[in-house]
Amino acid sequence: MYIDRLAEQVLRSILEGSKVGIILGARQVGKTTLVQHVLAGRNVLVLNFDVEIDKRRFLAAAALPPSEGMKTLGNPDVLVVDEVQRLPDAPRIVKGWYDTRLPVRILLLGSSSLNLLDQAAESLTGRNEKLLLPPLMFEESLRCQDWYSDGYTPQIMHKELGAPLRAFLMQSLAFGSYPEVVLATDKPRLLRNLSSDYLWKDILQTGLVKSPDLIKHLLTLLAHQVGNEVSTNELATQLQVARSTIERYLDLLEQTYVIFRLSPLSTNPRKEIVRSKKVFFWDTGIRNALLNAFSTEEFRPDIGPLWENWVIAEAAKYNLLRGCPSELFFWRSRAQSEVDLVIKTGEQMQAFEIKWRPRYFAARAFAATYAVDVRLVTSEDFLASGLTRTECPPR
């Protein structure tokens, strides 16, 4: 079963243009499925650089004059290169083909931005358009439910369909939103496989990580700390490695779309926290798999930080699909006033406090500092919060 994606419109727009498309996202996030769906019925060649013969075919074509090389590949209308990070020279080769104005659209797919964006930026400057594909947004996965209709407003969903909506929300919190997991019957088994070495295979293949166990232990510590400020010094002490090693591993995990970090918003370092960062998982199912914590009960002990991670990941995914026009922060004053999420788009700012159940929260300090009201997002009204969307993302 194919799940409609908001990214379809973005991909179609890229294909209508003349530039090279670069599609990045974690393994198993649905990049290849999306491309196959959008390109159905067209003359397409897919080369997967995880397959050695496909890589050799690409290099053999590159050794010939561009038009002759493309002829050996069958003169496709669209050439799709999957796992392109496996061949560092690929962006340079594609640049040569692009500059000769061959009548072919080229899409480069990667499960990691390790070096790929740098290589593409150098070789394909002004010649590429990017699509960053996250796991499913909640409202994309909702479309798999028999009881859901696009005609329902958030108010109708919460009021008339509250019970099935809440049950599905708990499923999403527990198992995340990887497409295969959303559709699977045995969700924990799939997530355990993903959260083993598979999801960070790209890191291990670079040779930059000597110990896979260290990555797993680091991720487990991070899974326990979602919603809290993370100290790299403390992590280094707990894992008995250098702080620089922890920083490098965190960078690698960000570049392979396993985690993302929020920096603190600050315009007054004397009164606001400026250095500590928070770490969140792009997918809560991966976080829970690391802890073997798949409960779908509302009273699970980690419901607060899990809910915060889920909501912030929804905002981050939507921002990613829109081409990252906004910056995401948290805010904390030295007097310990706090706001969970601040979204800054140009000069405009939105602020959100994230609580599982409605309750009082103090927001006067932030409002007084930035003249922005803080909105409460709870499990009882999250669809109306503006952090989850149904419309296709503008670019």
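The coordinates are above.
Report follows, based on the coordinates.

Each value, and the rule that gives it
Residues numbered from 1 in each chain as written. Predicted model: local features only at pLDDT ≥ 70, side-chain atom pairs only at ≥ 80, totals over all residues. Heavy atoms only, no water. 1 Å grid on protein atoms, 1.4 Å probe; cavity = no way out; pocket = protein on both sides within 12 Å on 5 of 7 lines; lining within 4 Å. Points joined across faces, edges and corners; volume = space filled by probe spheres on them. Helix = DSSP H or I, 4+ residues; strand = E, 2+ residues; numbered from the N terminus. Nonpolar A, V, L, I, M, F, W, Y, C, P; charged D, E, K, R; others polar. Expected span 1.5 Å × (residues − 1). Buried < 20%, exposed > 50% of the residue type's maximum accessible area, 1.4 Å probe, protein only. Pairing = 2+ DSSP bridges. Contact = heavy atoms within 4.5 Å. Axes fitted to C-alpha atoms, helices over the stretch in contact; angles between N-to-C directions. Salt bridge = Lys/Arg side-chain N within 4 Å of Asp/Glu carboxyl O.

Some remarks on the layout of surface pockets
There is about 410 Å³ of room inside the largest pocket. Along its surface, the largest pocket is lined by 20 residues, and Gln28, Gly30, Lys31, Thr32 and Thr33 are the ones closest to its centre. Counting residues per element, the lining of the largest pocket draws most heavily on helix H2 (residues 31-38), at four residues. When grouped by side-chain class, the residues that make up the lining of the largest pocket number eight nonpolar, five polar and seven charged.

A few points about helix H17 (residues 303-321)
Along an α-helix, a turn takes 3.6 residues, which lines up residues three or four apart on a common side. Look at H17: 27 Å from first C-alpha to last across 19 residues, which is about the 27 Å you get at 1.5 Å a residue. By the criterion of burial, H17 is predominantly enclosed, with 17 of the 19 residues buried. Once H17 finishes, glycine 323 follows within two positions and takes phi at roughly 85°, a positive value.

Regarding the sheet that holds strand S7 (residues 259-264)
Pairing is mixed in the open sheet, where seven strands are placed in the order S6-S8-S7-S9-S10-S11-S12. Strands at the two margins of the open sheet, each flanked by one partner only, are strand S6 (229-230) and strand S12 (374-377). Across four bridges, the pairing between strand S11 (residues 348-354) and S12 is parallel. Bridge assignment links glutamate 353 to a residue of S12, and that residue is leucine 376. Lying on the sheet, helix H13 (residues 212-224) is in contact with S6, S7 and strand S8 (277-281); it crosses S8 at an angle near 105°.

What about empty space enclosed by the protein?
Inspection of the entire model under this criterion finds four cavities of 30 Å³ or more. The space that makes up the largest cavity amounts to roughly 60 Å³. Lining the largest cavity we find 13 residues, and of these Ser177, Thr284, Trp310, Glu314 and Lys317 sit closest to its centre. The element best represented in the lining of the largest cavity is H17, accounting for four residues.

As for the pattern of salt bridges
Across all of its chains, the model carries 26 salt bridges by this definition. Close ionic contact of arginine 127 with aspartate 99 constitutes a salt bridge, the shortest N to O distance being 2.9 Å. Here arginine 127, found in the loop between helix H6 (116-123) and strand S5 (128-132), pairs with aspartate 99, found in helix H5 (residues 90-99); they are 28 residues apart in sequence, far enough to count as distant. Close ionic contact of arginine 189 with aspartate 186 constitutes a salt bridge, the shortest N to O distance being 3.7 Å. Judged by relative accessible area, arginine 189 falls into the partly exposed class, the value being 44%. Salt bridges linked by common partners bring Glu229, Lys278, Glu308, Arg332 and Glu338 together as one network.

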